[in-house]
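Overview (structure and organization)
Spelled out, the chains give:
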Amino acid sequence: MGLRTALENSRILTFAVTGAFIWLLLTTLNVAGSFDWLSAGAGDFIGRNALGGIAGLVVLLVVLGALLTLYSELSESDPAPESWPPSE
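Every residue gets a number counted from 1 within its own chain, in the order that chain's sequence is written. Note on the predicted model: pLDDT of at least 70 is required for a residue's local features to be given, and 80 or more for side-chain atom pairs to be given and counted; whole-chain, interface and lining totals, by contrast, use all residues. The basis for every side-chain value is the complete set of non-hydrogen atoms in the structure, without hydrogens or water.

1. Side note on the overall build of the protein chain
Numbering of helices and strands runs from the N terminus; a helix is a DSSP stretch of H or I covering at least four residues, while a strand is a stretch of E covering at least two. What the protein chain contains, in helices and strands, is three helices and zero strands. N-terminal to C-terminal, the α/β element order of the protein chain is α-α-α. Every one of the 88 residues in the protein chain was classed for burial, and the buried ones make up 18%. Whether two residues are in contact is decided by their heavy atoms, any of which lying within 4.5 Å being enough. Relative to all contacts within the protein chain whose residues are 6 or more apart in sequence, the contacts with residues 24 or more apart total 63%. Where accessible areas are quoted, they stem from the Shrake-Rupley method and a 1.4 Å probe; at the residue level, only the protein chains shown are allowed to cover. As displayed, the protein chain has an accessible area near 6,800 Å², and 67% of this comes from carbon and sulfur atoms. Think of it in three bands: with a 1.4 Å probe and only protein chains considered, a residue is buried below 20% of the maximum accessible area for its type, exposed above 50%, and partly exposed in between.

2. A closer look at a nonpolar patch on the surface
Judged by side-chain polarity, W37, L38, I54, V58 and V62 come together as a nonpolar surface patch covering roughly 530 Å² of accessible area. Along the chain, V62 turns up in helix α3 (residues 50-74). Judged by its relative accessible area of 56%, V62 is exposed. Each patch groups residues whose relative accessible area exceeds 30% and which form no salt bridge, using 9 Å between like charges and 5 Å between nonpolar side chains of Val, Leu, Ile, Met, Phe, Trp and Tyr. A pair is scored as a salt bridge if a Lys or Arg side-chain nitrogen falls within 4 Å of a carboxyl oxygen belonging to Asp or Glu.

3. Looking at helix α2 (residues 11-32)
Helix span, as expected, comes to 1.5 Å for every residue beyond the first. The end-to-end C-alpha distance of α2, which contains 22 residues, comes to 32 Å, matching closely the 32 Å that a straight helix rising 1.5 Å per residue would cover. Of all the positions in α2, only T14, V17, L24 and T28 are classed as buried. Looking straight down α2, one finds its buried side chains confined to an arc of 105°; they lie on one side. Every exposed residue of α2 that faces more than 90 degrees away from the buried side is listed here: R11, I12, F15, W23, L26, L29 and N30. Taken from the helix axis, the directions to the C-beta atoms give the arc we talk about.

4. Some points on the side chain of T28
Mapped onto the elements of the fold, T28 is located in helix α2. In contact with T28, not counting residues within four places along its chain, are L57, L60, L61 and L64.

5. What about the environment of W37?
Within the secondary structure, W37 is located in the loop between α2 and α3. In this structure the C-alpha to C-alpha distance between W37 and L51, which are 14 residues apart in sequence, comes to 8.8 Å. Excluding residues within four positions of it along the chain, W37 makes contact with A32, A50, I54 and L57.

6. What about the nonpolar core?
To define a nonpolar core, start from buried Ala, Val, Leu, Ile, Met, Phe, Trp, Tyr and Cys residues and group those joined through side-chain atoms within 4.5 Å. Membership of the largest hydrophobic core is limited to five residues, which are V17, L24, L60, L64 and L67. For this core, the secondary structure elements donating two or more residues are α2 and α3. The element that contributes the greatest number of residues to this core is α3, accounting for three residues. Filtering out sequence-adjacent residues up to four positions away, L67 remains in contact with V17, A20, F21 and L24.

This is how it looks when you write it as structure tokens:
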């Protein structure tokens, strides 16, 4: 029901967040496959090395997490906090 609520609240923002998430996910998979994982500390630091690839993956995963948080907030139907003390 979250996607339906998000589309009712903001259709353009939902498509933008979903498109950005898919693009970043594909980019993350591309980065993960473009460097040699076993050369983490050895060799030359010019070109595609494991340290740069791992740092790039960390940044991409943080951005993907932020987009997931944005999507979960977008799909909420009631943005107000609950009253205190809770009513029964």
